[in-house]
Amino acid sequence: IGLAFAAYLMRQVAKVKLEINGEGRETIGLIEKGSKDDQQVWAQSERLHELYEAIKLGAASFLSAEYKMCAGFVAISAPLIGVLISHGSASPINSGVSPTQNGILSAMSFAVGAITSMVSGFIGMRVAVFSNARCTVGAVKPAPHG
């Protein structure tokens, strides 16, 4: 249910388009044809697009650096967790799982949890960056009451 709701919300946000006019230049939906301040609005639109691209690049760079560190931590910690748990108990656990199996399953659970967390962070960052420019476009438009 949560993933379906997230997909619905993402589609709603995607309805705010970063439009391209007939000349092939991006306008970000801020320029209204016939506006008195076309040049000023165009400059704002270009600046918004530049900021959007810079934020997108910065977010990708941040995640790349962070995930390299996380991958190294998981590569060291998961085997360590497995070894410590498998050697921490000399007798089989009540469930009938041997200490070695328990250590392996614990290490695998840790790694899967870490990977799931990294994927969630990646998706969250993409959605945040995707939404930021569109929120700005929405904020520039006048309110329904004028």
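## Some thoughts on the nonpolar core
Y52, A59, V129, F130 and A133 together form the largest nonpolar core, which totals five residues. Mapped by element, the contributors of at least two residues to this core are α2 (38–88) and α3 (99–140). Looking at this core element by element, the count peaks at three residues for α3.

## Some details on the confidence of the model for the protein
Averaged over all residues, the pLDDT of the protein equals 78, while 69% of them reach at least 70. Confidence over residues 19–31 falls short of pLDDT 50; this stretch has 33 contacts with residues more than four positions distant or in other chains.

## Here we look at a nonpolar patch on the surface
Together, I115, V119, F122, I123 and V127 make up an exposed nonpolar region whose accessible area comes to about 420 Å². Considering the arrangement of structural elements, one finds V127 in helix α3. Given a relative accessible area of 33%, V127 falls into the partly exposed group.

## A look at the side chain of S86
The residue S86 is located in helix α2 in this model. Within polar-contact distance, the side chain of S86 engages the side chain of H87 at 3.2 Å. Sequence-distant contacts of S86, that is, excluding residues within four places in its chain, are made with P99, T100 and G103.

Quick notes on the rules
- Residues numbered from 1 in each chain as written.
- Predicted model: local features only at pLDDT ≥ 70, side-chain atom pairs only at ≥ 80, totals over all residues.
- Heavy atoms only, no water.
- Core = buried A, V, L, I, M, F, W, Y, C linked by side-chain atoms within 4.5 Å.
- Buried < 20%, exposed > 50% of the residue type's maximum accessible area, 1.4 Å probe, protein only.
- Helix = DSSP H or I, 4+ residues; strand = E, 2+ residues; numbered from the N terminus.
- pLDDT = per-residue confidence, 0-100.
- Contact = heavy atoms within 4.5 Å.
- Patch = residues over 30% accessible without salt bridge, like charges linked within 9 Å, V, L, I, M, F, W, Y side chains within 5 Å.
- Areas by Shrake-Rupley, 256 points an atom, 1.4 Å probe, with all protein chains shown as cover.
- Salt bridge = Lys/Arg side-chain N within 4 Å of Asp/Glu carboxyl O.
- Polar contact = N/O pair within 3.5 Å; in protein donor to acceptor, adjacent residues only side chain to side chain.

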